[in-house]
Amino acid sequence: MTKPRARDLGLPFPGTPGPCNAITDVPGVEVGFCTLTDPAQSLRTGVTAILPRGRAPEPVPVMAGHYALNGNGEMTGTHWIDDAGYFLGPVLITNTHAVGACHTAAVQWMIESWPAHFRAHAWAMPVVAETYDGVLNDITRLAVTPGHARAALDAAAPGPVAEGSSGGGNGMIAYEFKGGTGTASRRVSVGGDWTVAALVQANFGLRPWLSVLGKPVGQILTEDRLIETETGSIIVILATDAPLSALSLRALAKRAALGIGRSGTVGGNSSGDIFLAFSTANPQPMAARAEKLRTVTELNPEHLDPIYQAAVEAVDEAVINALVAGEDVATVNPPGKICRAIDRAALHRIFR
């Protein structure tokens, strides 16, 4: 049975979404999951894979920018993104202890996808990000292997994106409700028609902070709280086909902070709030093979406010979609509690 999404509950999010209301509305972007669940082994974790250019036969980087609102977390490859303004290959999101396994799988996938590229002494520096799932998953088991990450990469496809307990979002908690994977998109016209979309791995926030479209939902739905101090994180991946420079993409990544702020987070000290924005526009070969002079089209930064607005709206809706897709899950550490799904019927009544 298909789970309802936030808009299905009557939540009046602003803006016009794409056909799937997902990051895959950006042409060429594909998403895949490997989800590992075994309550008998206290196992609830996984891997989410994003292919910015799908299964392109040649290595074509994407322009990119990144921003860390709070750095208590990991996203590999960002030093190069800061210096070069681009990255090549997939983006993987998983749990805190699985970054290495996922990085190995991503490198292997890149080598197998573009063997001629790597015979010429090329290097692989994929993006792998994480949030901590140790409340709902025995994270010390190191259950995620390169094979699981490879399965997520091999499963990547266009179209609708599974939310909630899918892939890396499987063991995540947001605002003390079951959280995880969420996505949303916006159509926007600025010198052309573009899509701006977000995918989040939501594992952050305290219940009293939670605000949904201005309603103090966390102060209304107060039962079954789990924690007193924030210990989670959120990863936000923003994708667009709008032609943006690396500088503009870094500015776009910063707007993810405003997007997560709409649901109430203050960016707690123990939270890793790390954001990446990339554009599939202006496909170019790798710099080492490109001409000395290259020509690209870029939107004038003076006209990017609608793009920024679309990003903020998409991130906010993606977070709420992750919550709406949740289900009740037993805790592992500490044992004996239940991480509740947000009460969808109550949420609907609040906005009725």
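For clarity, every value in this text was computed on a predicted model and none was experimentally measured.

### Focus: unusual backbone geometry
A cis amide bond, omega 5 degrees, links asparagine 333 with the succeeding residue proline 334. Relative to the elements of secondary structure, proline 334 occurs in the loop between strand S13 (329-332) and strand S14 (335-339). Even without glycine at this site, leucine 142 takes up a positive phi of about 50 degrees. Under the relative-accessibility criterion, leucine 142 is labelled exposed at 53%. At glutamate 176, a position not held by glycine, the phi torsion is positive, near 70 degrees.

### Remarks on the environment of threonine 195
On the secondary structure map, threonine 195 appears in strand S10 (residues 193-203). Residue threonine 195 is classed as buried on the basis of its relative accessible area, which comes to 3%. Counting along the chain gives 90 residues from threonine 195 to proline 285, while the straight-line C-alpha distance between them is 23 Å. Setting aside residues up to four positions removed in sequence, threonine 195 forms contacts with Asp25, Val26, Ser185, Arg186, Arg187, Ala239, Thr240 and Asp241.

### Things to note about the sheet that holds strand S2 (residues 43-51)
The four strands lie next to each other as S1-S2-S5-S6, forming an open sheet whose pairing is mixed. Of all strands in the sheet, those with a lone pairing partner are strand S1 (30-38) and strand S6 (127-131), marking the two edges. Along the sheet, successive strands turn relative to each other by an average axial angle of 15 degrees, direction set aside. Relative to strand S5 (residues 91-95), S2 runs antiparallel, the two sharing three bridges. Along S5, the bridge assignment pairs alanine 49 with leucine 92. Sitting on the sheet, helix H4 (residues 146-155) touches S1, S2 and S5, and the angle it makes with S1 is about 140 degrees.

### Description of the confidence of the model for the protein chain
For the protein chain, the average pLDDT comes to 97, and 100% of its residues sit at 70 or higher. Model confidence for the protein chain, summarised as mean pLDDT per element, is weakest for helix H3 (residues 115-119) at 94 and strongest for S10 at 99.

### Considering empty space enclosed by the protein
Summed over the entire model, instances satisfying the criterion amount to four cavities of 30 Å³ or more. For the largest cavity, the calculated volume is near 150 Å³. Ile173, Asn203, Ile227, Thr231 and Gly232 are the residues nearest the centre of the largest cavity, which is lined by 17 residues in total. The class makeup of the residues in the lining of the largest cavity is eight nonpolar, six polar and three charged. Its volume calculated, the second largest cavity comes out at about 110 Å³. What lines the second largest cavity is a set of 15 residues, and nearest its centre among them are Pro52, Arg53, Val60, Gly89 and Trp114. Looking at the lining of the second largest cavity residue by residue, the class counts come to eleven nonpolar, two polar and two charged.

Definitions and limits used
- Residues numbered from 1 in each chain as written.
- Predicted model: local features only at pLDDT ≥ 70, side-chain atom pairs only at ≥ 80, totals over all residues.
- Heavy atoms only, no water.
- Helix = DSSP H or I, 4+ residues; strand = E, 2+ residues; numbered from the N terminus.
- Buried < 20%, exposed > 50% of the residue type's maximum accessible area, 1.4 Å probe, protein only.
- Contact = heavy atoms within 4.5 Å.
- Pairing = 2+ DSSP bridges.
- Axes fitted to C-alpha atoms, helices over the stretch in contact; angles between N-to-C directions.
- pLDDT = per-residue confidence, 0-100.
- 1 Å grid on protein atoms, 1.4 Å probe; cavity = no way out; pocket = protein on both sides within 12 Å on 5 of 7 lines; lining within 4 Å.
- Points joined across faces, edges and corners; volume = space filled by probe spheres on them.
- Nonpolar A, V, L, I, M, F, W, Y, C, P; charged D, E, K, R; others polar.

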